[in-house]
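The chain contents come next:
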Amino acid sequence: MITVNFDKYKYDHPLAMDFFKIEENNEFLLSSEVHDTDFFEIFIYDEIEGYVVLDGEKIVLRKGMFLFVSPYQKRSWFVSENKIKGWAVIFEKEFLANFFSDKLFVYRLQYFYNKTVLTTFDSKELLHSFNQNIFSEIQNEIIDFKSDSRHILRALLYYILIKMNRVFCEKYQLDSETQLNNHAYLFKEALELNYVHKHKVNDYVSLLNISRITLNQSVKKQFNVTATEMIKDRIISEVKTQLIHSAKTISEIAYDLNFSEPNNLIRLFKSKTGYSPKKYRLSK
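Residues numbered from 1 in each chain as written. Predicted model: local features only at pLDDT ≥ 70, side-chain atom pairs only at ≥ 80, totals over all residues. Heavy atoms only, no water.

## Some details on the layout of surface pockets
Which parts of space are left empty comes out when a probe the size of a water molecule is rolled across the atoms.
Then step 1. By volume, the largest pocket is sized at about 310 Å³.
Then step 2. Contributing to the lining of the largest pocket are 16 residues, with E57, K115, V117, S237 and K240 lying nearest its centre.
Then step 3. Put simply, the parts of the chain that give the lining of the largest pocket at least two residues each are β6 (57-61) and α8 (227-245).
Then step 4. If one sorts the elements of the lining of the largest pocket by residue count, α8 sits on top with four residues.
Then step 5. A breakdown of the residues in the lining of the largest pocket according to their chemical character gives five nonpolar, five polar and six charged. (1 Å grid on protein atoms, 1.4 Å probe; cavity = no way out; pocket = protein on both sides within 12 Å on 5 of 7 lines; lining within 4 Å. Points joined across faces, edges and corners; volume = space filled by probe spheres on them. Helix = DSSP H or I, 4+ residues; strand = E, 2+ residues; numbered from the N terminus. Nonpolar A, V, L, I, M, F, W, Y, C, P; charged D, E, K, R; others polar.)

Encoded structure:
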């Protein structure tokens, strides 16, 4: 499996974001070989036929769909190359975080690092709105780059990320407020960085130095699930990925995830998916 790294030097000017037509850059975007990337990706489809397997989940792609992929998510594409048209927005976290002095910004967006719901939505209205003006502005700034273009690109990217977050949250009945409830976002970040070693709510209570009540209330309000469910969902997502994209046994996966007893992980997996790990692997 390969990891595609972000190319800051694709253009004459170093730039930690890119925006392009999918049909013109399909060398890795359409690959059926398992791969991941070290950057954030948003795919917006004007036309598409096929599906993607993302972290073990099959997602059928449709015209008007927005698909969000976080760094290091494993994927394989199964699409018709002559029936794909749309846009891709890719960027490194630092492109926004350094400028806005908000290290949690990408964690505030409900569609990134979300293991509870599919990170997609359909909105032909939003797509039409973006196509009318925003997309051409972004493309022109990248191609005709000037000394202040980074500021304009950050502002435009920030704008479309927030607009998409509002639509995503409306679909899944999540809180779209991005500037409040820092405890929830800190937990989301901590979970992504520590789920391999920390499996209990109390682990994160200690790590974040807050009370269990505060953590649970914050997480429930922001993500509409409990902190315990978020931890379980993140672990199960990793197990699914390993079952689909590796030849590891469940015992080896349990060891990698620091479970002292493989049976504990098996029970958790069955309770969340309804499958035994072996049957899940065979079903895919």
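Picking up after the structure, the text goes on.
## Description of helix α10 (residues 262-273)
Then step 1. Over its 12 residues, α10 extends 16 Å from the first C-alpha to the last, a length consistent with the 16 Å expected when each residue adds 1.5 Å.
Then step 2. Within α10, the full set of buried residues consists of L265, L268 and F269. Looking straight down α10, one finds its buried side chains confined to an arc of 100 degrees; they lie on one side. Every exposed residue of α10 that faces more than 90 degrees away from the buried side is listed here: R267 and S271.
Then step 3. Looking one or two residues beyond α10, the residue adopting positive phi is G274, at roughly 85 degrees. (Expected span 1.5 Å × (residues − 1). Buried < 20%, exposed > 50% of the residue type's maximum accessible area, 1.4 Å probe, protein only. Arc of directions from axis to C-beta.)

## Brief notes about the packing of helix α3 (residues 124-143) against helix α4 (residues 149-172)
Then step 1. Running from N to C, α3 and α4 cross one another at 160 degrees; their axes reach a closest spacing of 9 Å. Compared by their axis directions, α3 and α4 come out roughly antiparallel. The two elements α3 and α4 meet at a crossing, and its hand is left-handed. Mapping the contact onto sequence places L126, F130, I134, E137, I138, E141 and I142 in α3 and S149, I152, L153, L156, Y159, I160, K163, M164 and V167 in α4.
Then step 2. Classifying every residue of the contact of α3 with α4 by side-chain character gives 12 nonpolar, one polar and three charged. (Axes fitted to C-alpha atoms, helices over the stretch in contact; angles between N-to-C directions. Parallel < 35°, antiparallel > 145°, perpendicular 65-115°, else oblique. Left-handed = near helix turned anticlockwise from the far one by under 90°. Contact = heavy atoms within 4.5 Å.)

## Concerning the environment of L257
Then step 1. Take L257: it is sitting in the loop between α9 (250-256) and α10.
Then step 2. Residue classification places L257 among the buried positions, given a relative accessible area of 4%.
Then step 3. The residues contacting L257, other than those within four sequence positions of it, are Y195, V196, H199, I235, E238, V239 and L265.

## Structural notes on empty space enclosed by the protein
Then step 1. Across all of its chains, the model carries one cavity of 30 Å³ or more by this definition.
Then step 2. Estimated volume of the largest cavity: approximately 40 Å³.

## Focus on the packing of aromatic side chains
Geometrically, a pair of aromatic rings is defined through the distance of the ring centres and the angle of the planes.
Then step 1. If you walk through the whole model with that rule in mind, you get 26 aromatic pairs.
Then step 2. Ring centres of F6 and F39 lie 5.5 Å apart, and the angle between their planes is 80 degrees; this geometry places the pair in the edge-to-face category. Separated by 33 residues along the polypeptide, F6 in the loop between β1 (2-4) and β2 (17-21) and F39 in the loop between β3 (35-37) and β4 (40-47) bring together distant segments of the chain. Both residues of the pair, F6 and F39, belong to the buried class.
Then step 3. With 5.9 Å between their ring centres and 85 degrees between their planes, Y111 and F168 make a pair best called edge-to-face. One end of the pair, Y111, is in the loop between α2 (105-108) and β10 (120-122); the other, F168, is in helix α4, with 57 residues separating them in the sequence. (Phe/Tyr/Trp six-rings, centres within 6.5 Å; stacked < 30°, edge-to-face > 60°.)

Remember, this is a structural readout, not a statement about activity or role.
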